[in-house]
Structure formats: structure tokens, C-alpha cells
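A closer look at the structure
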Amino acid sequence: MSRRKKPSHAWVYIIWGVNVLALLTVLGVAILNTSSLRASAADETLATIAPAPTRVIPPTLYFLPTLTPNPRYTPPAFETSTPFELAEGPRPTIIGFSLSARPIEVYTFGAGEREYLIVAGIHGGYEWNTIALANELITHINEHPETIPSDVTLYIIRNMNPDGEARAHGVDGRVNNNGVDLNRNFPSENWVEEWDRNGCWIYRPTTGGLYGGSEPETRSVMSFIQSHEIEVLISYHSAALGVFPGGVPWTEPSKKLANALSKATGYPYPPIDTGCEYTGTLADWAVENGVGAAVDMELSNHRDTDFQENLKALKAFLNFNP
Ligand SMILES: [Zn+2]
């Protein structure tokens, strides 16, 4: 028994010895591995901390179109119904598009701090002579830049309703392509979709829109006014009723402005009262939203531009302080 036990004891020692050696080897390798990982991590941190070279972006790399035009691309045609362009002078800025994608343009004159705005053509082809007047004023100011006082910037939106003007010169040209009266579509406090037609324009069906500011033409002018600090505003119409101050009730500065413009032009102020209640107008919304004074001003008929009278009005307008 004892002789048999001795060799078996030796085997046990050998096996355990090998086991312990193997275990130590594994532990050793593991420890070495961990410490080398730590070392390399530390190396990486150091590499990150080291200042990276300044990245230089080539100035033309990202912003130029490819030199080969896309053969399938058709550039949009920005057509105005009555093309107007100064032979020499400033290009207009496009501030938005009508429902049928006609551009709504603004001309800018002068570079003073005080911002003045004239809007024409809100009733499209029904009052096309206001657009003709705006074109004449733009041409005149371009030839006589001294018209603009040095502290003034004047903006002229020459045709706010180009779809209406393209449709017809006459009663059919008044509304936009949704059948909306744009001068009843501004989200002023008294905006309504439908109104009592007594004393109002009744020659074609129209609405104030689904909500105040529902029409793209309205929103284009709203965002233009909201992105500027317009002090004084004229919205041109025709015909014959006179000068309507903005505000419900009319604000004092707007009444003063209406009075000054009436004196310059001979247009009636107070305006002729037909019994119509005006809602959602540009002038009302403007004075409710920070414009100092605003009026709706009507030319004397649907045909003439009354240029000389409105040149005097321009002078009174640009010298008006609300
Ligand atoms: Zn009008």
C-alpha cells in the first residue's frame, strides 16, 4: 500500500504544481496586458491634448454649384404680369410669391434709419392704376434720388397682388387666386371671414380668407413689415373715396397722416362714408403691429395715376413724423 501511495503522491504534487504555474502565467499575462492598455490609453490622451493642426477650409469648396448644369433642371420663370424694370437703377428684391408663383417685389431707395413703406396693387387689376403709379414713382425717384431725405429709407412694393392683375384689369382682377380680398385678409383684431355687404364692394363674390393671414401675398407683406421697423405706411387703392386712417378706432398719428396727404393731393379727408365696415385691412394690422401711422389712400378714378398730386403726397409722406 505504502509503495503504491508514494508515486501517486508525486503525481498529485506535479499536477498541482503545473496548475499553479499555469494560473500564475495567466495572471501574469493579464496584468501585463492591462498595464500596457493603460499605457496606450495614456498615450492617446496625450496625443489628443497635443494641439491639432489648424484646419483650413478652401473658400470655394462647398458653396459653388457644379460646373456642369443639370440637363433636367428647368429654372423657374419669375414672370410679372406687367413687367417693369428700371433701365438703370436698383434691382427689386423679391419678398415672396403669389399663389401662382408670381414674385412680389420691393424697390429700396435711400439708406437712412427711418423706414417708410408704400404698397400698391393690393386689389390687383381692379386697381391697376395704383401699380402704374408705383412704377412712375419708382422711375422718378431713381432719376431724382434727392427726393429721399438722408435719414430715410423708402420701400415700394409695386404690386402686392400680381395674380389679380394678370387675371383682368377690371372687377375680375380684384381678388387673389383663392378669391380672397387681400385687404380683408390681414390678422388685425377685427378680422372676419364674412362681413355685412351693406355699403361695401359687391361686384364679385369674395371672402376674408380662411383665417387672418391665410394668403401667401398677405404673409409676404406681413413678414416684410415684421422684419423692418416701418414708421409710416401708405397702401394705395382706387377710387375716389379719399384717405382712410389705420386703426380701430383710427389712431391719432394715422389721422394726422391722412390729413397731411389729403392736403397734398386734394383727396377727401375724412373719407366718404358709404356705410361699409372695413375688416382685416393692411393699415389696421400695421398700426396694431408697431407701424407709427398708416393709411389706405384712394386715387381719384380707376384709370389715372394722378402723378403730380402723388408726387406732392410723397414729399408730405417722407417728411411726416408719427
Ligand atoms: Zn382697393
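Parameters and conventions
- Starting afresh in each chain, residues are numbered from 1 along the sequence in its written order.
- Only residues with pLDDT of 70 or above have their local features reported here, since the model is predicted, and side-chain atom pairs are shown and tallied only from 80 upward, although totals for entire chains, interfaces and linings are computed over all residues.
- Only hydrogens and water are set aside; all other atoms, that is, all heavy atoms of the structure, feed into the side-chain values.
- The definition used for a disulfide is geometric: two cysteine sulfur atoms within 2.5 Å.
- Starting at the N terminus, helices and strands are each numbered in turn, a helix being any DSSP run of H or I of at least four residues and a strand any DSSP run of E of at least two.
- Between buried and exposed lies partly exposed: a residue is buried under 20% and exposed over 50% of the maximum accessible area for its type, with that area taken using a 1.4 Å probe on protein chains only.
- In this analysis a donor is any N, O or S atom within 2.8 Å of a metal ion (3.2 Å for sodium, potassium and calcium), and since water is not included, sites may seem incomplete.
- In this scheme the shape depends on donor count and angles: four donors with every angle between 85 and 135 degrees give tetrahedral, four or six donors with opposite pairs above 155 degrees and others between 65 and 115 give square planar or octahedral in turn, and any other case is irregular.
- Note on contacts: a residue pair is in contact if any heavy atoms of the two residues lie within 4.5 Å.
- Angles shown run from 0 to 180 degrees and are taken between the N-to-C directions of axes, each axis being a line fitted to C-alpha atoms and, for helices, limited to the stretch in contact.
- Here is the rule for handedness: rotate from the far helix to the near one, and if that takes an anticlockwise turn smaller than a right angle the crossing is left-handed, while a clockwise turn gives right-handed.
- Three residue categories are used. Nonpolar comprises Ala, Val, Leu, Ile, Met, Phe, Trp, Tyr, Cys and Pro, charged comprises Asp, Glu, Lys and Arg, and polar comprises the others, including Gly.

Observations regarding the state of the cysteines
Applying the stated criterion across every chain, the model contains 1 disulfide. Across a sulfur-sulfur distance of 1.9 Å, Cys 200 and Cys 276 are joined as a disulfide pair. Judged by the torsion about the S-S bond (100°), the Cys 200/Cys 276 disulfide is right-handed. Of the two residues, Cys 200 sits in the loop between α3 (162-167) and α4 (216-226) while Cys 276 sits in the loop between α5 (252-265) and α6 (282-288), which places them 76 residues apart along the sequence. Residue classification places Cys 200 among the buried positions, given a relative accessible area of 12%. By relative accessible area, Cys 276 is classed as buried at 10%.

Points about the coordination of the zinc ion
For a metal bound by four donors in a tetrahedral arrangement, the ideal donor-metal-donor angle is 109.5 degrees, while six donors in an octahedral arrangement ideally sit at 90 or 180 degrees. Distances from the zinc ion to its protein donors, His 123 (ND1), Glu 127 (OE), Glu 127 (OE) and His 237 (ND1), fall at 2.0 to 2.3 Å. Relative to the metal, the 4 donor atoms surrounding the zinc ion lie at angles of 59 to 148°, and the coordination shape comes out irregular. Sequence spacing among the residues donating to the zinc ion works out to H-x3-E-x109-H. There is no split in this pair, since His 123 and Glu 127 are both buried.

What to know about the environment of Pro 245
Turning to its location among the elements, Pro 245 is positioned in strand β6 (residues 243-245). Sequence separation between Pro 245 and Ile 234 is 11 residues, and the spatial gap between their C-alpha atoms is 9.6 Å. Those residues in contact with Pro 245 that lie beyond four places of it in its chain are Trp 250, Ser 254, Lys 255, Ala 258, Tyr 269, Asp 284, Ala 294 and Val 295.

Things to note about the packing of α5 against helix α7 (residues 307-318)
One can describe the packing of α5 onto α7 by two numbers: an axis separation of 8 Å at closest approach and a directional angle of 145°. Note that α5 runs across α7; the crossing there is right-handed. Taking contact as the criterion, the partners of Leu 257, Ala 260, Leu 261, Ala 264 and Thr 265 in α5 are, on α7, Glu 309, Asn 310, Lys 312, Ala 313, Ala 316 and Phe 317. A class-by-class count of the residues in the contact of α5 with α7 yields 7 nonpolar, 2 polar and 2 charged.

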